[in-house]
Amino acid sequence: MSPLIKEIRHNPMLWLLAFVPVVFAAAKLRPEAHTLLFVLSVLAIVPLATLLSHATESVAAKTGDAAGGLLNATLGNLTELVIALTALRAGEYMLVKASIAGAIVTNTLFMLGASFLLGGLKHHVQEYNRVTARVQAGLLFLATVALLVPSAIAAADSAEKAAIVQDLSLGLSVLLIVAYALGMLFSLKTHKEFFASAEHAGDGEAPWPLGLALATLAGVTVLVALVSEIFVESVQKAAETFGMSQAFVGFIVVALVGGAAEMASAFSGARKDRLDLSVGIALGSASQIALFVAPVLVLLSYVIGPTPMSLQLWPGAVVMMLFATMTASMVTNSGRSAWFVGVLLLMVYSVFAMTLYLLPPS
């Protein structure tokens, strides 16, 4: 435990861990104070994300960046899954779909762009394995096509389109899960030699022991999930207080807070010239949400939701996902990055965020 205690003692960001018990106490004592709970939950998630970052880097040092990136994406996406499940039980399907689309776009543009920017400001040029980026971008494009089809059919004039869209969503969910499983088999088993990390300089920091790192990953992930439940219960009322639209809340706010753990790891990896880890987390998380989290939510809606949920999204969300995937594919094709590449990605993300913020709350 000494490396963990030392890290908490010397990192002022981790002093915010004091807000974790505070947010639980506030949720019990003042459950109606939605704006206060929203702010406290965000302050509690930030240090938990920092701890998750350190633990994941220690695991990645033992397993390699490809497996480390997959592990971080999987654990980080538990937050998005918990947020979506909470909204799913309440029947708030618009918030569920907005958070799914927003997480994909946020990870593809904001997380990847900020990683390129932060890494590029410290290192003149950075290299990474472009095969990893191209495979993940290909999986994202597949998911975008699968999400586009139900929306296109729903726009057609048909008396039975609702039933068709629901049946199609169910079939596509199974298909996407199979595609994700085959993608993992390809990258981690049959052709894992193509996904080796690019060479990078070491930073001289000793990783945590593997047992401590795994225990920290498990414990922090549970805490993030619990805080996320408080967050999702308070975010809607807090959004009205801050004048944010429903689309902006699901697409931007929930996505940024839900992905805080992954972002901390991706940004830290980029600053340490471990861009393979950053690209693996950003694009791996986006493809995992599109190919695994979204289909699982559709299947679970038959069990815990008021009614079955479809994969039909509003046209603007599908367009943003398509442009995000195309942009990521173009900028990662060379396997090299500089700070201005990150600026370009962040600018595209800012265009989407500004548009959603200016939408009316209705």
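Residues numbered from 1 in each chain as written. Predicted model: local features only at pLDDT ≥ 70, side-chain atom pairs only at ≥ 80, totals over all residues. Heavy atoms only, no water.

Chemist: I'm lost on the overall build of the chain in this one. Help?
Modeler: Scanning the chain from N- to C-terminus turns up 13 helices and 2 strands. The 362 residues of the chain split such that 53% are buried. Expressed as a percentage of contacts within the chain between residues at least 6 apart in sequence, the contacts between residues at least 24 apart total 85%. Surface summary for the chain: the accessible area is close to 15600 Å², and the carbon and sulfur share equals 70%. (Helix = DSSP H or I, 4+ residues; strand = E, 2+ residues; numbered from the N terminus. Buried < 20%, exposed > 50% of the residue type's maximum accessible area, 1.4 Å probe, protein only. Contact = heavy atoms within 4.5 Å. Areas by Shrake-Rupley, 256 points an atom, 1.4 Å probe, with all protein chains shown as cover.)

Chemist: Looking at this structure, how should I read unusual backbone geometry?
Modeler: Trans peptide bonds make up most of the peptide bonds, and negative phi angles are found at most residues other than glycine. Despite not being glycine, D273 has its phi angle at roughly 60°, a positive value. Take D273: its relative accessible area is 17%, and that puts it in the buried class.

Chemist: Where do I start with helix α7 (residues 161-190) in this structure?
Modeler: For an α-helix, 3.6 residues make a turn, and residues three or four places apart therefore share a direction. End to end, α7 covers 41 Å across 30 residues, agreeing with the expected 44 Å (1.5 Å per residue, within 8%). Those residues of α7 lying buried are V165, Q166, S169, L172, S173, L176, A179, Y180, G183, M184 and S187. (Expected span 1.5 Å × (residues − 1).)

Chemist: Help me understand the packing of aromatic side chains in this model?
Modeler: Ring pairs (aromatic) are described by centroid distance and by the angle formed between their planes. With the rule as written, the count across this model stands at 9 aromatic pairs. Residues Y180 and F292 carry aromatic rings whose centres are separated by 5.9 Å and whose planes lie at 35° to one another, so their mutual orientation is tilted. With Y180 in helix α7 and F292 in helix α11 (residues 275-304), this residue pair connects regions lying 112 residues apart in the sequence. What links up through ring pairs into an aromatic cluster is the set F38, F231 and F242. (Phe/Tyr/Trp six-rings, centres within 6.5 Å; stacked < 30°, edge-to-face > 60°.)

Chemist: I keep staring at the confidence of the model for the chain and nothing clicks. Help me out?
Modeler: Across the chain, the average pLDDT comes to 82, with 89% of residues at or above 70. For the chain, helix α4 (residues 65-89) is the element with the lowest average pLDDT, namely 69, and helix α13 (residues 339-357) is the one with the highest, namely 93. This model gives residues 199-204 a pLDDT under 50, and the stretch forms 6 contacts once residues within four places in sequence are excluded. (pLDDT = per-residue confidence, 0-100.)

Chemist: Explain the environment of A146 here, please?
Modeler: Here A146 is to be found in helix α6 (residues 130-155). Classification of A146 as buried rests on a relative accessible area of 6%. Sequence spacing of A146 and S173 is 27 residues, and the spatial spacing of their C-alpha atoms is 8.8 Å. Residue contacts for A146: discarding those within four places in its chain leaves L172 and L176.

Chemist: When you look at the packing of helix α2 (residues 19-29) against helix α8 (residues 210-242) in this model, what are you seeing that I'm missing?
Modeler: If you want to describe how two helices pack, look at the angle between their axes and the distance between the axes. In contact at an axis separation of 11 Å, α2 and α8 are set at 40° when each is read in the N-to-C sense. The pairing of α2 with α8 is recorded here as oblique in orientation. Of the two elements, α2 crosses α8, and the hand of that crossing is left-handed. Seen from α2, the contacting residues are V20, V23, F24 and A27; seen from α8, they are L223, L226, V227 and I230. Residues of the contact of α2 with α8, tallied by class, amount to 8 nonpolar, no polar and no charged. (Axes fitted to C-alpha atoms, helices over the stretch in contact; angles between N-to-C directions. Parallel < 35°, antiparallel > 145°, perpendicular 65-115°, else oblique. Left-handed = near helix turned anticlockwise from the far one by under 90°. Nonpolar A, V, L, I, M, F, W, Y, C, P; charged D, E, K, R; others polar.)

Chemist: Would you mind showing me how to read the side chain of T327 here?
Modeler: Tracing the sequence through the fold places T327 in helix α12 (residues 315-331). Among all residues touching T327, those that are not within four sequence positions of it are L109, L345 and V348.

Chemist: Would you explain empty space enclosed by the protein in this entry?
Modeler: It is a probe the size of a water molecule, rolled over the atoms, that shows where empty space is left. Taken as a whole and judged by the stated rule, the model has 3 cavities of 30 Å³ or more. The calculated volume of the second largest cavity comes to roughly 70 Å³. Elements represented by at least two residues in the lining of the second largest cavity include exactly α4, α5 (93-122), α9 (246-258) and α11. Among the elements that make up the lining of the second largest cavity, the one with the highest residue count is α5 (3 residues). In the lining of the second largest cavity, the residues fall into 7 nonpolar, 1 polar and 1 charged. (1 Å grid on protein atoms, 1.4 Å probe; cavity = no way out; pocket = protein on both sides within 12 Å on 5 of 7 lines; lining within 4 Å. Points joined across faces, edges and corners; volume = space filled by probe spheres on them.)

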